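For reference, the chains in residue letters:
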There are 2 protein chains.
Amino acid sequence: MKRLLIVVVCGVCVASLLGVAAAQFARTEDAVRYRQSTMFLIGQHFGRIGEVVQGRKDFEPAAVAKNADLVATFARLPWDAFMVPGSDSGTQMRGAALSDSDGFKAAAANSEKETAKLAEVAAAGNLDAIRAQFGVVGQSCKACHDKYRGR
Amino acid sequence: MKRLLIVVVCGVCVASLLGVAAAQFARTEDAVRYRQSTMFLIGQHFGRIGEVVQGRKDFEPAAVAKNADLVATFARLPWDAFMVPGSDSGTQMRGAALSDSDGFKAAAANSEKETAKLAEVAAAGNLDAIRAQFGVVGQSCKACHDKYRGR
């Protein structure tokens, strides 16, 4: 009986959390476009830092700091947009992000933390430190993509 | 002769400016997706402020300030992505944004200025002032869309 109560209460909690996520978007396709837009912009600005840390572009500390700031800002945004029921349909998102939402949120929180740290490191302007933290962020992206992104 | 020199020098300046814009993007379609992503996110977060100033949602000052901050951050980003030659093809962008790039940049700079002001006003937390500046930003969006966006 106690067990049933826990299941019911948890179910209500999850449903209301998903409701909050859905309520931010007028339509499911808005949630999809929101997260895809955010991810694309993260890719663009993270990629610009990549060109520097991989030696394909000159190191301009202010430009790298600006890009890292943007990546950190964007990385705080898209997670709710993944929590909209049915929004995995026809997209690269795996249903696992919804069914294993705790795991997804933990992976997302880790990316958020590491991109915030990249912004801090970039502001300090040491290229070796930026390169190291760039790698850590890349791993945090990959860890989440490996589990929750299909092809 | 002097006139010809001016024309040539200006031509080189414009070409190099366009070159800078194009160089930020590996492919023309990246520029298109970049600006479309940014504009979509601006619409989402500006829309969330709209729901409050139009009385459809309760006024939570911190949430409005966060959304206004995001709009101001995004509004600094997309303009270069419009200056990529050929990137109007098959999109809502009118060729006029390229042929009248000075006019476009002035309209863009105005939107940037007014969204920055909205972020300031929102941080102060007065709903009437936010509503007034929300309208000014809306006008700045419309002024640019009317001239440089087709259907």
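Residues numbered from 1 in each chain as written. Chains lettered and ligands numbered in written order. Predicted model: local features only at pLDDT ≥ 70, side-chain atom pairs only at ≥ 80, totals over all residues. Heavy atoms only, no water.

Can you help me understand the environment of phenylalanine 46 of chain B in this one?
All names here are of chain B. If you trace the backbone, phenylalanine 46 turns up in helix H2 (residues 28–53). Classification of phenylalanine 46 by relative accessible area gives buried; the value is 13%. Placed 26 residues apart in sequence, phenylalanine 46 and alanine 72 show a C-alpha to C-alpha distance of 9.7 Å. Once you skip the residues sitting within four places of it in the chain, phenylalanine 46 turns out to touch Val71, Leu118, Phe134, Val137 and Gly138. (Helix = DSSP H or I, 4+ residues; strand = E, 2+ residues; numbered from the N terminus. Buried < 20%, exposed > 50% of the residue type's maximum accessible area, 1.4 Å probe, protein only. Contact = heavy atoms within 4.5 Å.)

Help me understand the environment of alanine 31 of chain A, please; the structure alone is not making it clear to me.
Residue and element names in this part refer to chain A. Following the sequence through the fold, alanine 31 ends up in helix H2 (residues 28–53). It is 8.3 Å that separates the C-alpha atoms of alanine 31 and aspartate 80, two residues lying 49 residues apart in sequence. What alanine 31 contacts, discounting residues up to four positions off in sequence, is Phe25, Ala81 and Val84.

Can you help me understand the pattern of salt bridges in this one?
Proximity of charged atoms lets side chains of opposite charge pair with each other. Residue and element names in this part refer to chain B. Evaluation of the coordinates by the stated rule reveals eleven salt bridges over all chains. Where aspartate 30 meets arginine 27, a salt bridge forms, and the shortest distance between an N and an O atom there is 3.0 Å. We classify arginine 27 as partly exposed; its relative accessible area is 48%. Between lysine 113 and glutamate 114 there is a salt bridge; the shortest N-O distance is 3.7 Å. By relative accessible area, which is 53% here, lysine 113 ends up exposed. Via salt bridges that share partners, Arg27, Glu29 and Asp30 belong to a single interconnected network. (Salt bridge = Lys/Arg side-chain N within 4 Å of Asp/Glu carboxyl O.)

I tried to follow helix H3 (residues 61–74) of chain B on my own but got confused; where do I start?
Because the α-helix completes a turn every 3.6 residues, residues three or four places apart line up on one side. With 14 residues, H3 of chain B extends 20 Å between its outermost C-alpha atoms, agreeing within 8% with the 20 Å of an ideal straight helix rising 1.5 Å per residue. Within H3 of chain B, the full set of buried residues consists of Val64, Asn67, Ala68, Leu70, Val71, Ala72, Thr73 and Phe74 of chain B. Contacts from the buried residues of H3 of chain B go to helix H3 (61–74) of chain A together with H2, helix H6 (101–124) and helix H7 (127–148) of chain B. (Expected span 1.5 Å × (residues − 1).)

For this particular structure, what's the right way to read the packing of H2 of chain A against H3 of chain A?
What describes two packed helices is the angle between their axes and the distance between those same axes. Residue and element names in this part refer to chain A. Contact geometry for H2 and H3: axes closest at 9 Å, N-to-C directions at 150°. When the interaxial angle is binned, H2 and H3 end up roughly antiparallel. Read as a crossing pair, H2 and H3 show a hand that is left-handed. Every residue of H3 that contacts H2 at Thr38, Leu41, Ile42, His45, Phe46, Arg48, Ile49 and Val52 is listed here: Val64, Asn67, Ala68, Leu70, Val71 and Phe74. For the contact of H2 with H3, the residue count by class is ten nonpolar, three polar and one charged. (Axes fitted to C-alpha atoms, helices over the stretch in contact; angles between N-to-C directions. Parallel < 35°, antiparallel > 145°, perpendicular 65-115°, else oblique. Left-handed = near helix turned anticlockwise from the far one by under 90°. Nonpolar A, V, L, I, M, F, W, Y, C, P; charged D, E, K, R; others polar.)

Teacher, can you tell me more about the interface of chain B and chain A here?
When the parts of a complex come together, some accessible area is lost, and that lost area is often taken as the interface size. Residue-level contacts link 19 residues of chain B with 19 residues of chain A. Of the roughly 1,700 Å² buried between chain B and chain A, counting both surfaces, carbon and sulfur atoms make up 62%. For the interface between chain B and chain A, the tally reads zero salt bridges. One can count two residue pairs in polar contact (both at pLDDT 80 or more) joining chain B with chain A. Of all the elements in the fold, those that place two or more residues in the side of chain B that touches chain A are H2 and H3 of chain B. The element best represented in the side of chain B that touches chain A is H2 of chain B, accounting for eleven residues. Here the residues of the side of chain B that touches chain A are counted per class, giving eight nonpolar, seven polar and four charged. (Buried area = accessible area lost by both parts, 1.4 Å probe. Polar contact = N/O pair within 3.5 Å; in protein donor to acceptor, adjacent residues only side chain to side chain.)

Please explain H6 of chain B as it appears in this structure.
Residue and element names in this part refer to chain B. An ideal rise of 1.5 Å per residue puts 34 Å on 24 residues; H6 measures up with 35 Å between its terminal C-alpha atoms. The inward-facing, buried residues of H6 abut H2, H3, helix H4 (79–82), helix H5 (96–99) and H7. Remark: glycine 125 follows H6 within two positions and exhibits a positive phi of approximately 85°.

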